[in-house]
Amino acid sequence: MLLPKEKLSEALGALAAEANVIAPVKWEGDVFFMPYKGGDVCLEGNGKLPPKDVLFPKTEKMYSYSIAKGTMTEHNDAAATILFGVRSCDAASIERLDKVFLEQGYKDGFYSAKREGLAVIAMGCDKPMATCFCTSMGIDPMKAEVADVQMCPVEGGFTVEAVTEKGKEIVKKWDSLLDKKSKAKPAKVECSLNINVPEDFEKKLMDMFESPIWDDVTKACLGCACCTYVCPTCYCFDINQDVHGDEGTAFRCWDSCMFSDYTRMAGGHNPRPSKKERLRNRYLHKLAYYKDRHGKYLCVGCGRCIANCPAHLDITAFAEKAMEVE
Amino acid sequence: MINEIKNACLKAFESGEVGYIIGWQATRFADKTTPLFMRSAEDVEKLVWNKYCVNSTAKYALEDKYPEKKIGIILRGCDSRAVARMISDKQLKRENLYLIGVVCDGKEDPICATCSHKTPVIYDVLIGQPTTEEISPERFAEVEKIAAMTPDERYNYWAVQYDKCIRCYACRNVCPACNCVECYADQYRTGWQGKAHNRAENQVYGLTRAYHVGDRCIECGQCERVCPMNLPIMSQTRKMLKDINDLFGPTECGLTIEEAPVLGEYDLNDREEFM
Ligand code: SF4
Ligand code: SF4
Ligand code: SF4
């Protein structure tokens, strides 16, 4: 099935009439996943930030209270949402987050409410950017994990395939727009940035905790949180309160393992006192700890941390250096 | 040029006085270099000097306040002003540094268009011919553009900017004037900087940053270079510099190693018509 290019806005409009649609659009010179309000979407280049915010907002209210009134109100805002134009890397990141928030013996209510109402329309990625390396992380740019509908760019439009029941519901709404006779097939795509990640790389890394390599590979780091905040799979949060007199609201918000207060204990001791220990933790979490626990890399090769690092550090360059260590 | 810089590094290592030298090295991307820390003569061949050497080399010296040997730093004009800034702020000691100044040819960074000090202002050796320099007429162009907005336009302009800000603190961490041992924003228990990611907290951070560095900003533009969300934040410190220029006469920061910050210095002759 093919959705002709010129029908895309109409197709999205049909969905937006009934549900909350989030799509990549151009805003302030970059591409962002934002509520779709008609007009053109932007499929050139991936989003500046991943669509993670849809499931795991930068800041979300948990509960409010008033001592005077003796009340407490729980918050959990979740609306049915269709996420359009998700590339394979970001779709894989949703699968990685699901494991953390839903499958570790505790189901996170805030995440699961949003996740249950979410439908993902994935878009195959035919023009990986210079910093993309998802194929090295075992991801297929043309076939996304967690997709309800898989679309792929082809000559004249996009192939459309409903993968799940949710996906079938979506595709039904496009019935009159689709060219059902089309036999178009997406081409195979490889990233230009490739690293040959060896089998059991995570085991090797886990044994390298005390390696002298860390001083060298972390020296240029500025210790900012840029890499973690642009990453689709970073999921750390902090819980805090806004207190006004005897009323207040508790919220949770993104946090970063690159910050000094992230591991600071009551009393002031910090087991990760410098950027060396912090960046080591980030690299090992992405490439070793998570794989050890869940069987997959936490890095999905989107390349955002490479494209945005102010010091031009590169997780793939780190991985290659680590491979060379005897 | 690169050979002269490499020779200067080799000589520095030969002297035995220098422990390591900070410069730039290539990455797998043709348009990106990354800071290089040379520990011996063997490392010198990794050094590159091209238009993509945009990272500041100076601030890394702050991580090593009691070095065993001198810290070598390869300096462009802006990096030399960063060093002067940190020495003036009593964060670095001149005698701990070995400074290899290079007359800059301008880098692949928009800030370089308004650079007024391509020749390093301090150095132990200088490579290249000093250029004649003048303050760019465009120095305050962005400030004037924003000043010409109506208050509502201006509010909305910055509101959009701080909706984009992800509070990664890259702009703080790269800034040579941001040299506090512990930033107010990291003093999480005081409540000065809320942790929530929203426009209001982002604006608190933006304002505080601008005020904390505005009278010491060396106009290297590193804050804007590193900002992943492309906030025009140097226009904030340049707004403060413009006011300082208007009120106290021509001012540029980081030109000497004994510079008192305009707002941190008390002088009996200061204007005080507001009192
Ligand atoms: S670690 Fe970097 S490349 Fe990997 S998923 Fe996160 S941002 Fe993308
Ligand atoms: S700001 Fe000036 S000295 Fe610094 S890199 Fe640009 S041109 Fe060179
Ligand atoms: S670098 Fe940009 S996004 Fe990061 S805190 Fe500064 S202004 Fe905000």
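Peer 1: Help me understand the pattern of salt bridges, please; the structure alone is not making it clear to me.
Peer 2: Oppositely charged side chains can form a pair if their charged atoms are brought close together. Per the counting criterion, the structure on display carries 45 salt bridges over all chains. The partner of Lys 127 of chain A in a salt bridge is Glu 44 of chain A, and the shortest N-O contact between them spans 3.8 Å. You can see Lys 127 of chain A sitting in the loop between strand E7 (118-123) and strand E8 (149-154) and its partner Glu 44 of chain A sitting in the loop between strand E3 (30-35) and strand E4 (59-66), a full 83 residues away along the chain. One exposure class covers both Lys 127 of chain A and Glu 44 of chain A, and it is exposed. Residue Arg 216 of chain B pairs with Asp 89 of chain B through a salt bridge whose shortest N-O separation is 2.6 Å. Pair noted here: Arg 216 of chain B is in the loop between helix H6 (199-213) and helix H7 (222-226) and Asp 89 of chain B is in the loop between helix H2 (77-88) and strand E4 (97-102), with a separation of 127 residues, a long-range link. The residues Arg 216 of chain B and Asp 89 of chain B share a single accessibility class, namely buried. Three or more residues joined by partner-sharing salt bridges are found here, namely Glu 95, Arg 96, Lys 99, Glu 145 and Lys 296 of chain A.

Peer 1: Got a minute to help me understand the packing of H6 of chain B against helix H8 (residues 234-248) of chain B in this structure?
Peer 2: Relative orientation and spacing of two packed helices are given, respectively, by the angle between their axes and the distance between those axes. All names here are of chain B. Taken N-terminus to C-terminus, the directions of H6 and H8 make an angle of 40 degrees; their axes are 9 Å apart at the nearest point. Accordingly, the angle class assigned to the pair H6 and H8 is oblique. The element H6 and its partner H8 pack so that their crossing is right-handed. On H8, the residues touching Gly 206, Arg 209, Ala 210, Tyr 211 and Val 213 of H6 are Gln 236, Thr 237 and Met 240. In terms of residue class, the contact of H6 with H8 is built from four nonpolar, three polar and one charged.

Peer 1: Explain the packing of helix H4 (residues 151-164) of chain B against H6 of chain B to me, please; I cannot follow it from the model alone.
Peer 2: All names here are of chain B. At their nearest, the axes of H4 and H6 sit 9 Å apart, and the two run at 100 degrees to each other. Taken together, the axis directions place H4 and H6 in an arrangement best described as roughly perpendicular. For the pair H4 and H6, the contacting residues are Tyr 155, Trp 158, Ala 159, Tyr 162 and Asp 163 in the first and Arg 199, Asn 202, Gln 203 and Gly 206 in the second. Residue classes in the contact of H4 with H6 are distributed as four nonpolar, three polar and two charged.

Peer 1: Is there a simple way to explain unusual backbone geometry in this structure?
Peer 2: Leaving glycine out, the prevailing phi sign among residues is negative, and the prevailing peptide bond configuration is trans. Even without being glycine, Val 146 of chain A reaches a positive phi, approximately 55 degrees. Mapped onto the elements, Val 146 of chain A comes out in the loop between E7 and E8. A residue is classified by how much of its surface remains accessible, and Val 146 of chain A, at 23% relative accessible area, is partly exposed. Of note in this structure, Glu 219 of chain B is not a glycine but carries a positive phi near 60 degrees. As for its position among the elements, Glu 219 of chain B is in the loop between H6 and H7.

Peer 1: How should the confidence of the model for chain B be read in this particular structure?
Peer 2: Atomic detail in the predicted coordinates should be set aside for any region of low pLDDT. Looking at chain B as a whole, the pLDDT averages 95, with 100% of positions reaching at least 70. Overall fold confidence for the complex sits at a pTM of 0.94, while the interface term, ipTM, reaches 0.94.

Peer 1: What is the right way to read the site of ligand 3 from this model?
Peer 2: Neighbouring ligand 3 are 13 residues; Cys 165, Cys 168, Tyr 169, Cys 171 and Cys 227 of chain B lie closest to it. Counted by class, the shell around ligand 3 contains twelve nonpolar, no polar and one charged residues.

Peer 1: Looking at this structure, how should I read helix H3 (residues 109-116) of chain A?
Peer 2: An α-helical turn contains 3.6 residues, so a residue and the one three or four places further along point in the same direction. Residue and element names in this part refer to chain A. If you check which residues of H3 are buried, you get Phe 110, Tyr 111, Ser 112, Lys 114 and Arg 115. Packing partners of the buried residues in H3 comprise E4, helix H2 (88-102), E7, helix H4 (165-172) and strand E11 (247-254). Two to three positions downstream of the cap, the backbone nitrogen of Phe 110 sits 3.2 Å from a side-chain oxygen, assigning the N-cap of H3 to Asp 108.

Peer 1: Sorry if this is basic, but what is going on with the pairing of strand E10 (residues 237-244) of chain A here?
Peer 2: Residues and elements named next belong to chain A. As defined by bridge partners, E10 adjoins E11 across eight bridges and the pair is classed as antiparallel. Looking at the pairing, Asp 242 lines up with Thr 249 of E11. Between the antiparallel neighbours E10 and E11 lie two residues, among them Gly 245 with a positive phi of about 60 degrees.

Peer 1: Teacher, can you tell me more about the interface of chain B and chain A here?
Peer 2: Where interface size is given, it is often the accessible area lost as the parts come together that is meant. Residue-level contacts link 35 residues of chain B with 44 residues of chain A. Approximately 3,300 Å² of surface area, both sides summed, lies buried where chain B meets chain A, with 55% of it carried by carbon and sulfur atoms. When the buried surface of chain B facing chain A is broken down by residue, Arg 28, Lys 195 and His 197 of chain B rank first, second and third, together holding 21% of it. Taken together, the links from chain B to chain A amount to nine salt bridges. Across the pair Arg 28 of chain B and Asp 314 of chain A runs a salt bridge, and its minimum N-O distance is 3.2 Å. There are 25 residue pairs in polar contact (both at pLDDT 80 or more) connecting chain B and chain A. Within the residue set of the side of chain B that touches chain A, elements represented by two or more residues are strand E2 (33-38), H4, helix H5 (170-174) and H7 of chain B.

About the cut-offs
Residues numbered from 1 in each chain as written. Chains lettered and ligands numbered in written order. Predicted model: local features only at pLDDT ≥ 70, side-chain atom pairs only at ≥ 80, totals over all residues. Heavy atoms only, no water. Salt bridge = Lys/Arg side-chain N within 4 Å of Asp/Glu carboxyl O. Helix = DSSP H or I, 4+ residues; strand = E, 2+ residues; numbered from the N terminus. Buried < 20%, exposed > 50% of the residue type's maximum accessible area, 1.4 Å probe, protein only. Axes fitted to C-alpha atoms, helices over the stretch in contact; angles between N-to-C directions. Parallel < 35°, antiparallel > 145°, perpendicular 65-115°, else oblique. Left-handed = near helix turned anticlockwise from the far one by under 90°. Contact = heavy atoms within 4.5 Å. Nonpolar A, V, L, I, M, F, W, Y, C, P; charged D, E, K, R; others polar. pLDDT = per-residue confidence, 0-100. Near = heavy atom within 4 Å. Polar contact = N/O pair within 3.5 Å; in protein donor to acceptor, adjacent residues only side chain to side chain. Pairing = 2+ DSSP bridges. Buried area = accessible area lost by both parts, 1.4 Å probe.

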